[in-house]
Amino acid sequence: MAKEFQVTYDCADPGAQAAFWAEALDYRVQPPPEGFADWPAALIAWGVPPEHHNDRSAITDPDGKGPRVFFQKVPEGKTAKNRVHLDVRAAPGLTGDERMAALEVEAARLEELGAKRLYRIEPDRLDAGTIVMADPEGNEFCLD
């Protein structure tokens, strides 16, 4: 039986990263535990000081199929290329010009949310075509 896992991102602003990736992946920001109207109410009840309210955030797949993505605040900034990154499947089953057009539409949507386009890889014998982007904190990901 396969093990469950979550993907964890170190970042400067967990709340903002969670909001971006929830939109990018059609996920939702994880709701607060039962009995709390929102996260600030839960954190206050647990005695978490206000300056630590944005130390963590998470997003979940509303269908319960994909992994949880967890964002944790760290003091250092990003300094090198990611060793692991997400491939966002924005054009499954599409090929050629149709595929690249779908990727361009998704790239434009994500740029409006704060992502940055890094470069485009044209389709060839080895690659179906990809757009490489960075999230608002500079973490690379691929639209494929």
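Refer to the structure above for everything that follows.
Conventions and cut-offs
- Residues numbered from 1 in each chain as written.
- Predicted model: local features only at pLDDT ≥ 70, side-chain atom pairs only at ≥ 80, totals over all residues.
- Heavy atoms only, no water.
- Helix = DSSP H or I, 4+ residues; strand = E, 2+ residues; numbered from the N terminus.
- Polar contact = N/O pair within 3.5 Å; in protein donor to acceptor, adjacent residues only side chain to side chain.
- Buried < 20%, exposed > 50% of the residue type's maximum accessible area, 1.4 Å probe, protein only.
- Lys, Arg positive; Asp, Glu negative; His and termini not counted.
- Salt bridge = Lys/Arg side-chain N within 4 Å of Asp/Glu carboxyl O.
- Contact = heavy atoms within 4.5 Å.
- Pairing = 2+ DSSP bridges.
- Axes fitted to C-alpha atoms, helices over the stretch in contact; angles between N-to-C directions.
- Expected span 1.5 Å × (residues − 1).
- Arc of directions from axis to C-beta.
- Parallel < 35°, antiparallel > 145°, perpendicular 65-115°, else oblique.
- Left-handed = near helix turned anticlockwise from the far one by under 90°.
- Nonpolar A, V, L, I, M, F, W, Y, C, P; charged D, E, K, R; others polar.

**Quick look at the environment of Asp144**
Step number 1: Position of Asp144 among the secondary structure elements: in the segment after strand E8 (140-143).
Step number 2: Sequence separation between Asp144 and Met100 is 44 residues; the distance between their C-alpha atoms is 8.8 Å.
Step number 3: Within polar-contact distance, the side chain of Asp144 engages the side chain of Arg89 at 3.1 Å.

**With respect to the side chain of Asp55**
Step number 1: Positionally, Asp55 belongs in the loop between helix H2 (39-45) and strand E3 (56-60).
Step number 2: No salt bridge is formed by the buried Asp55; its nearest oppositely charged neighbour, Lys73, is found at 4.4 Å.
Step number 3: In contact with Asp55, other than residues within four places in its own chain, are Pro14, Phe71, Gln72 and Lys73.

**Side note on the sheet that holds strand E2 (residues 28-29)**
Step number 1: Judged by pairing direction, the sheet is mixed, and its 4 strands sit side by side in the order E1-E4-E3-E2 without closing on themselves. Each edge of the sheet is formed by a strand with only one pairing partner; in this case those strands are strand E1 (6-11) and E2.
Step number 2: Examined bridge by bridge, E3 and strand E4 (residues 68-73) share 4 bridges and lie antiparallel to one another. Note on E4: the bridge partner recorded for Arg56 is Gln72.
Step number 3: Across the face of the sheet, helix H1 (residues 14-25) comes into contact with E1, E2, E3 and E4 while running at roughly 10° to E3.

**Some points on helix H3 (residues 96-112)**
Step number 1: The end-to-end C-alpha distance of H3 is 25 Å, a good match for the 24 Å that 17 residues give at a rise of 1.5 Å each.
Step number 2: Of the positions making up H3, those classed as buried are Arg99, Met100, Leu103, Glu106, Ala107 and Leu110. All buried residues of H3 lie within an arc of 125° about the axis, which places them on one face of the element. Projecting away from the buried face of H3 at angles above 90 degrees are the exposed residues Asp97, Glu98, Val105 and Glu112.
Step number 3: Contacts made by the buried residues of H3 are with H1, strand E6 (116-121), strand E7 (130-134) and E8.
Step number 4: Where H3 terminates, the next one or two residues include Gly114, which has phi positive at roughly 115°.

**Structural notes on the packing of H1 against H3**
Step number 1: Where H1 contacts H3, the axes come no closer than 10 Å and their chain directions differ by 160°. Here H1 lies roughly antiparallel to H3, going by the angle between them. Like other packed secondary-structure pairs, H1 and H3 cross with a definite hand, here right-handed. Seen from H1, the contacting residues are Phe20, Glu23 and Ala24; seen from H3, they are Glu106, Arg109 and Leu110.
Step number 2: Taken together, the residues that form the contact of H1 with H3 break down as 3 nonpolar, no polar and 3 charged.

**Some details on the sheet that holds E8**
Step number 1: Reading across the sheet, the 4 strands line up as E5-E8-E7-E6 and stay open at both edges, with mixed pairing between neighbours. Only two strands of the sheet have a single neighbouring strand rather than two, namely strand E5 (86-88) and E6. Direction aside, the axes of adjacent strands within the sheet are offset by 25° on average.
Step number 2: Bridge count for E5 against E8 is 3 bridges, and the pairing is parallel.

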